[in-house]
Number of protein chains: 2
Amino acid sequence: MGESPRFVDGYLLALLARASHAASAGFHAQLKARGVAVPVWRVLATLEGAAQGVTVGELAETCLMQQPTMSKLLDRMAADGLVARQRQGRMMRIRLTPPGAALAAELVAEARAHEAALLARHAGAAPALKALLRDIAGPSSEAG
Amino acid sequence: MGESPRFVDGYLLALLARASHAASAGFHAQLKARGVAVPVWRVLATLEGAAQGVTVGELAETCLMQQPTMSKLLDRMAADGLVARQRQGRMMRIRLTPPGAALAAELVAEARAHEAALLARHAGAAPALKALLRDIAGPSSEAG
DNA sequence: GGCCAACATATGACTTTTCATATGTCACGG
DNA sequence: CCGTGACATATGAAAAGTCATATGTTGGCC
């Protein structure tokens, strides 16, 4: 009675951040168990299937990181033999190495399974939810 | 034609992270303009209206940070005169100082305005979306 | 009362991120 | 061709985050 609900419990941005965090927690734990950091996973997932490679800038934007952060992450991933850089004009084209591609494929399969389990627990809501999220994410999600 | 859509463009966790990032971008820019870091804002928002204070652990969970990160963030915020620590049993009760409370009040007002503008652009969808997000965020959002 | 397990927070060594800016590369006008 | 500005990426110094573990505090048991 007379309880004053916390601002943060109703604030949309907090709910989004919270939902994102909670939904990812399980899969992030799997990644950790494999010794793969979340930013590494994001790069692998983005490069997966991109045979002709992706630029540093595109990677940074897709992975929601800043460009210098991405450059340094790529340094480490290259040192670990997961990706290869190739200069192309003034950009750098980043590709998965064979070991990187193998790891990416495994992890994407795990991610799909995890997503399916998550969606099963929220049956039916998926399409509407994804549409809403795309809408919120805005135009950057539309670019093909 | 025959384009193969990127895995990351349909992956729920990526959509959630992207939506969260995109939705927050505008407000985060406002914070930056004021010289307030996002983690600082989260702590201020969480403490806002909590007259009797909040523990370090609760703050960490609510702000989606780890406990040591929160301890160090609180060091800085205390040094900046935004919060005060007070030992209470084995926990530490964190409260806003008067300047902290003033800043928090201003920022919460800005956040509410920003949220209203955001929701206006997605008219009607708000209640359903929030319900979905709460559902995804899980039990931790239910605790009062 | 004193010891010990359990919990809440703090700290230290190390890694990652950030901000500002340097380097490299192309595109264009002269 | 040779600057020059614009764009793409890299780098250096400083700040923040992370993991493991230390410190402080309580409650129960003998």
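Residues numbered from 1 in each chain as written. Chains lettered and ligands numbered in written order. Predicted model: local features only at pLDDT ≥ 70, side-chain atom pairs only at ≥ 80, totals over all residues. Heavy atoms only, no water.

Per an unreviewed UniProt entry, chain A goes by MarR family transcriptional regulator and derives from Falsiroseomonas algicola.

Comments concerning the interface of chain A and chain B
In this assembly, 45 residues from chain A lie in contact with 45 residues from chain B. Summing the contributions of chain A and of chain B, the shared interface buries around 4500 Å²; its carbon and sulfur component is 69%. Linking chain A with chain B are two salt bridges. Measuring nitrogen to oxygen at the nearest pair gives 3.9 Å for the salt bridge that ties Glu-61 of chain B to Arg-18 of chain A. Sorting the residues of the side of chain A that touches chain B by element identifies α1 (7-10), α2 (12-34), α3 (38-47), α4 (56-62), α6 (98-120) and α7 (126-137) of chain A as the ones contributing at least two each. The dominant element in the side of chain A that touches chain B, judged by the number of residues it contributes, is α2 of chain A, at 13 residues. (Contact = heavy atoms within 4.5 Å. Buried area = accessible area lost by both parts, 1.4 Å probe. Salt bridge = Lys/Arg side-chain N within 4 Å of Asp/Glu carboxyl O. Helix = DSSP H or I, 4+ residues; strand = E, 2+ residues; numbered from the N terminus.)

Concerning the protein's contact with DNA strand D
Taken together, 21 residues lie around DNA strand D, and Gln-67, Ser-71 and Lys-72 of chain A together with Thr-69 and Lys-72 of chain B are the ones closest in. A share of 61% of the atoms of DNA strand D within 4 Å of the protein falls on sugar and phosphate groups. Here a base nitrogen of DNA strand D sits 2.7 Å away from a polar atom, N or O, in the side chain of Gln-67 of chain A. In this structure, Arg-85 of chain A approaches DNA strand D through a side-chain N or O atom, which is 3.1 Å from a phosphate oxygen. Class assignment for the residues of the surface near DNA strand D results in six nonpolar, seven polar and eight charged. (Near = heavy atom within 4 Å. Polar contact = N/O pair within 3.5 Å; in protein donor to acceptor, adjacent residues only side chain to side chain. Nonpolar A, V, L, I, M, F, W, Y, C, P; charged D, E, K, R; others polar.)

With respect to the protein's contact with DNA strand C
The local shell around DNA strand C holds 21 residues, among which Lys-72 and Arg-76 of chain A together with Gln-67, Ser-71 and Lys-72 of chain B are the closest. Restricting the count to atoms of DNA strand C within 4 Å of the protein gives a sugar and phosphate share of 59%. Interatomic distance of 2.8 Å between a side-chain N/O atom of Thr-69 of chain A and a phosphate oxygen of DNA strand C. Interatomic distance of 2.7 Å between a side-chain N/O atom of Lys-72 of chain B and a base oxygen of DNA strand C. Sorting the residues of the surface near DNA strand C by element identifies α5 (67-79) of chain A together with α4 (56-62), α5 (67-79) and β3 (91-96) of chain B as the ones contributing at least two each. Residues of the surface near DNA strand C, tallied by class, amount to six nonpolar, seven polar and eight charged.

Looking at the packing of helix α2 (residues 12-34) of chain B against helix α6 (residues 98-120) of chain B
All names here are of chain B. It is at 10 Å that the axes of α2 and α6 come closest, and there the two elements cross at 150°. One element, α2, and the other, α6, form an angle in the roughly antiparallel class. Judged by the twist between their axes, the crossing of α2 over α6 is right-handed. From α2, Ala-23, Gly-26, Phe-27, Gln-30, Leu-31 and Arg-34 reach across to α6, where they touch Leu-103, Glu-106, Leu-107, Glu-110, Ala-111, His-114 and Leu-118. Residue classes in the contact of α2 with α6 are distributed as seven nonpolar, three polar and three charged. (Axes fitted to C-alpha atoms, helices over the stretch in contact; angles between N-to-C directions. Parallel < 35°, antiparallel > 145°, perpendicular 65-115°, else oblique. Left-handed = near helix turned anticlockwise from the far one by under 90°.)

Describing the sheet that holds strand β1 (residues 54-55) of chain A
Residue and element names in this part refer to chain A. In space, the three strands of this open sheet follow the order β1-β3-β2, with antiparallel pairing throughout. Both outer strands of the open sheet, β1 and β2 (83-88), are each paired with one neighbouring strand and no more. Summarising the sheet, β2 and strand β3 (residues 91-96) pair through six bridges and their orientation is antiparallel. For Ala-84, the partnering residue across the bridge sits in β3 and is Arg-95. (Pairing = 2+ DSSP bridges.)

Quick word on the pattern of salt bridges
Residues and elements named next belong to chain A. Enumeration over the complete set of coordinates arrives at 12 salt bridges over all chains. For the salt bridge of Asp-9 with Arg-6, the shortest nitrogen-to-oxygen distance reads 3.0 Å. In this structure Asp-9 comes out as partly exposed when scored by relative accessible area, which is 26%. Connected via shared salt-bridge partners are Arg-34, Glu-106 and Glu-110. (Buried < 20%, exposed > 50% of the residue type's maximum accessible area, 1.4 Å probe, protein only.)

Some points on the pairing of β3 of chain B
Pairing of strand β1 (residues 54-55) of chain B with β3 of chain B, which is carried by two bridges, proceeds in the antiparallel orientation. Along β3 of chain B, the bridge assignment pairs Val-54 of chain B with Ile-94 of chain B.

Regarding the environment of Met-65 of chain A
Residue and element names in this part refer to chain A. Structurally, Met-65 is set in the loop between α4 and α5. Since its relative accessible area comes to 17%, Met-65 is described here as buried. For the pair Met-65 and Pro-39, spaced 26 residues apart in the sequence, the C-alpha separation amounts to 8.6 Å.

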